[in-house]
Amino acid sequence: MTSQLFSPITIGQLPLPHRVAMAPLTRSRAGQPGNVPNAMNVEYYRQRASAALIITEATQISQQGQGYAWTPGIYTAEQVEGWRAVANAVHAAGGRIFLQLWHVGRVSHPSFQPGGALPVAPSALPVPGKTFIVDADGNGVWGDIPTPQALTVEGIAAIVHDYRVAARNAMDAGMDGVEIHAGNGYLLDQFINSESNHRTDAYGGSIENRARLLLEVVAAVTSEIGAEHVGVRLTPMGRFMGMGDAAPEATFPHIARRLNDASLAYLHLVEPAMVGTVKDEAADPRWDAIMRRMRAEFRGVLMLAGGYDGASAERAIADGRADIVAFGRPFIANPDLPRRLKTSAALNIPNPETFFGGTAAGYTDYPALA
Ligand SMILES: Cc1cc2nc3c(=O)[nH]c(=O)nc-3n(C[C@H](O)[C@H](O)[C@H](O)COP(=O)(O)O)c2cc1C
């Protein structure tokens, strides 16, 4: 049987030679000071240019959007230059790359916030979880997340503007497009899920209202750089960082339907049990039906991620559940993952101890096949 995983597909106007994408992966190794992509980051992405599409690690759109130590940004001139070197290297190696746009919302710490302010959120609710901060000696340590401040309507408008500028910056840096990160318990997800959004204004309450910020961000970004350059990532039913929705079977298909109006390059969904860095719980039994509803509602290209191997990815495409499959941890350990999957070669095993922060060890030293 001919492989469908290794058949071409076009997203927006960008032809991809196959369907094995690299999922967005935070590695917390941006150059300091300034969270600027450096030569080691360039080499890491260059090594992985055989992906159908690289989606970069989540990249903060503003200082306010940062929640973890040493993650890169896309809001200063130095960061744009740093990303330009990444995009150039990936293109020179024959690859394609979208930059993932990130605002963490409440998953942050005053030490990252302008003026040491409290992190921002839809509602001032406590956050179950910790974030990775830098202590006085410059070491990374896990820190408690304080109860955030609820955003004003003016604060929300400023964030939509920041997304627009960040998308423009990404294109100026030579990216092929951007992926709007609307999952994993970060700002846009915090608005979507009823558990974290207790607002009573136009951004809370009904499904329409809870989806409003995402749709405003999508409208701003697509009008700025063109819808064919924009993807959206959602993690329906993910529980990471206190997410939860009263009616996910209504909320997420609604979003998939509303995103049709935008004519996006793709919609990217993550299997709910795999949203965090570990498989922390069994998938909700409602997920399969929700995923199929979203597939039916969304008329564009659909990407799936979360726990795939070559065989299950091939099946997902053959069964029509997905058009593209993104791989996370396998791409950390296998810079030449598409070739290995295509030839059924053995895979290197990723080492979780070097996922976040550190040096080239566990980052650029995983071997490719000879
Ligand atoms: C080290 C690590 C960092 C991650 N960083 C991000 C990120 O920046 N943005 C994002 O949307 N997902 C992130 N994820 C989730 C992955 O994109 C992916 O959905 C998850 O790892 C499941 O896919 P896999 O089973 O192929 O690894 C991260 C996962 C890992 C393991």
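Let us look at the structure shown here. (Residues numbered from 1 in each chain as written. Predicted model: local features only at pLDDT ≥ 70, side-chain atom pairs only at ≥ 80, totals over all residues.)

**Observations regarding the nonpolar core**
Part 1: In terms of nonpolar packing, the biggest core is built from 99 residues, with Ala21, Val178, Leu214, Met303, Val325 and Ala326 touching the most fellow members.
Part 2: Excluding anything up to four places from it in sequence, Leu214 contacts Ala182, Leu188, Phe191, Ile192 and Ile255. (Core = buried A, V, L, I, M, F, W, Y, C linked by C-beta atoms within 7 Å. Buried ≥ 20, exposed ≤ 12 C-beta atoms within 10 Å, placed from the backbone. Contact = placed C-beta atoms within 7 Å.)

**Quick look at the site of the ligand**
Part 1: Among the 23 residues in the neighbourhood of the ligand, the closest are listed as Ala23, Pro24, Ala58, Gly328 and Arg329.
Part 2: Mapped by element, the contributors of at least two residues to the shell around the ligand are strand 4 (54-60) and helix 9 (329-333).
Part 3: Considered class by class, the residues forming the shell around the ligand number 11 nonpolar, nine polar and three charged. (Near = placed C-beta within 6 Å. Helix = DSSP H or I, 4+ residues; strand = E, 2+ residues; numbered from the N terminus. Nonpolar A, V, L, I, M, F, W, Y, C, P; charged D, E, K, R; others polar.)

**Quick look at the packing of helix 3 (residues 153-172) against helix 5 (residues 207-225)**
Part 1: At a minimum axis distance of 9 Å, the contact between helix 3 and helix 5 shows a crossing angle of 35°. Seen along the crossing, helix 3 lies across helix 5 with a hand that is right-handed. Across from Ile156, Val160, Tyr163, Arg164, Ala167, Arg168 and Met171 in helix 3, the residues of helix 5 making contact are Leu213, Glu216, Val217, Ala220, Val221, Glu224 and Ile225.
Part 2: Considering only residue class, the contact of helix 3 with helix 5 consists of 10 nonpolar, no polar and four charged. (Axes fitted to C-alpha atoms, helices over the stretch in contact; angles between N-to-C directions. Left-handed = near helix turned anticlockwise from the far one by under 90°.)

**A few points about helix 2 (residues 77-92)**
Part 1: Over its 16 residues, helix 2 extends 22 Å from the first C-alpha to the last, a length consistent with the 22 Å expected when each residue adds 1.5 Å.
Part 2: Along helix 2, the residues that are buried comprise Gln79, Val80, Gly82, Trp83, Val86, Ala87, Ala89 and Val90.
Part 3: Summarising the contacts, the buried residues of helix 2 are in contact with helix 1 (39-47), strand 4, strand 5 (97-102) and helix 3.
Part 4: Two residues or fewer past helix 2, Gly94 is found with a positive phi of approximately 90°. (Expected span 1.5 Å × (residues − 1).)

**Considering the packing of helix 1 against helix 2**
Part 1: Two elements in contact, helix 1 and helix 2, have axes separated by 8 Å at closest approach and are oriented at 30°. Between helix 1 and helix 2, the angle falls in the class roughly parallel. For helix 1 against helix 2, the interelement crossing comes out right-handed. Note on element contacts: helix 2 touches helix 1 through Ala85, Val86, Ala89 and Val90, opposite Asn41, Val42, Tyr45 and Arg46.
Part 2: Residues belonging to the contact of helix 1 with helix 2 are distributed by class as follows: six nonpolar, one polar and one charged. (Parallel < 35°, antiparallel > 145°, perpendicular 65-115°, else oblique.)

Function cannot be inferred from these measures alone, as they are strictly geometric.
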